[in-house]
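Here are the chains, one letter per residue:
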Amino acid sequence: VQLQASGGGLVQAGGSLRLSCVASGRTFSSYVMGWFRQAPGKEREFVAAISGGGGSTYYADSVKGRFTISRDNIKNTVFLQMNSLKPEDTAVYYCAARLPYSDSYYYTVPSTYDYWGQGTQVTVSS
């Protein structure tokens, strides 16, 4: 699976951005898709994840109510709609893919993902 993320940019606090991640391959719907982010000097952190069929979503507390993850399995694409952006959301955002597991806790752990996109920069100015 190859992943290509896009949609990052510079936005003022309170603004919105929509990230996209297009996946190659025919088995996209088999994978849990996640979004992670990494700010300078910090570890990569979980942002959101979505099950293969899209029926289950998971969010970090820091983005709950502001970000929405969704997917289009026909277009092999996962989205991250980011609203009410804050300067602390500034980071490189990565999409990732992994097979499902019985314990959804592991969807929040970067090291459990098998495939990663190249990252897209999101900068939120105050």
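Bear in mind that the values here come from a model prediction, so they are computed numbers and not experimental data. (Residues numbered from 1 in each chain as written. Predicted model: local features only at pLDDT ≥ 70, side-chain atom pairs only at ≥ 80, totals over all residues. Heavy atoms only, no water.)

Undergrad: Could you clarify how one ought to interpret the pattern of salt bridges in this entry?
TA: Between side chains of opposite charge, pairing is possible as soon as their charged atoms come close. Considering all chains together, one arrives at four salt bridges under this definition. Across the pair K64 and D61 runs a salt bridge, and its minimum N-O distance is 3.2 Å. Note on accessibility: K64 and D61 belong to one class, exposed. (Salt bridge = Lys/Arg side-chain N within 4 Å of Asp/Glu carboxyl O. Buried < 20%, exposed > 50% of the residue type's maximum accessible area, 1.4 Å probe, protein only.)

Undergrad: What should I look at first to understand unusual backbone geometry in this one?
TA: Trans is the common state for peptide bonds, and a negative phi is the common state for residues other than glycine. A positive phi angle, near 50°, is found at N76, a position not held by glycine. Relative to the helices and strands, N76 resides in the loop between β7 (67-72) and β8 (77-82). The phi angle at S84 is positive, at roughly 50°, despite the residue not being glycine. Relative to the helices and strands, S84 is located in the loop between β8 and β9 (91-98). (Helix = DSSP H or I, 4+ residues; strand = E, 2+ residues; numbered from the N terminus.)

Undergrad: Would you mind showing me how to read the sheet that holds β7 here?
TA: Within the open sheet, the four strands sit side by side as β1-β3-β8-β7. Their pairing is antiparallel. Two strands bound the open sheet, and with one partner strand each, they are β1 (3-6) and β7. Neighbour-to-neighbour, the strand axes of this sheet turn through a mean angle of 15°, independent of strand direction. Relative to strand β3 (residues 17-23), β1 runs antiparallel, the two being bridged by four bridges. Bridging across to β3, Q4 finds its partner in V22. (Pairing = 2+ DSSP bridges. Axes fitted to C-alpha atoms, helices over the stretch in contact; angles between N-to-C directions.)

Undergrad: For this particular structure, what's the right way to read the pairing of strand β11 (residues 120-125)?
TA: Along any regular strand the residues' side chains alternate between the sheet's two faces. Of the two faces of β11, the one holding T120, V122 and V124 is buried and the one holding Q121, T123 and S125 is not buried anywhere. In terms of strand pairing, strand β2 (residues 9-12) meets β11 through four bridges, oriented parallel. In the strand pairing of β11, Q12 is matched with S125. With three bridges connecting them, β9 and β11 associate as antiparallel partners. Paired with A91 across the two strands is V122, which belongs to β11.

Undergrad: Would you mind showing me how to read the side chain of S20 here?
TA: Turning to its location among the elements, S20 is positioned in strand β3. Aside from chain neighbours lying at most four places away, what touches S20 is Q4, A5, S6, W35, T77, V78 and F79. (Contact = heavy atoms within 4.5 Å.)

Undergrad: What am I meant to see in the side chain of R66 here?
TA: Its location among the elements puts R66 in the loop between β6 (57-59) and β7. A distance of 3.0 Å separates a polar atom in the side chain of R66 from the backbone oxygen of S84. Sequence-distant contacts of R66, that is, excluding residues within four places in its chain, are made with Q81, M82, N83, S84, L85, K86 and D89. (Polar contact = N/O pair within 3.5 Å; in protein donor to acceptor, adjacent residues only side chain to side chain.)

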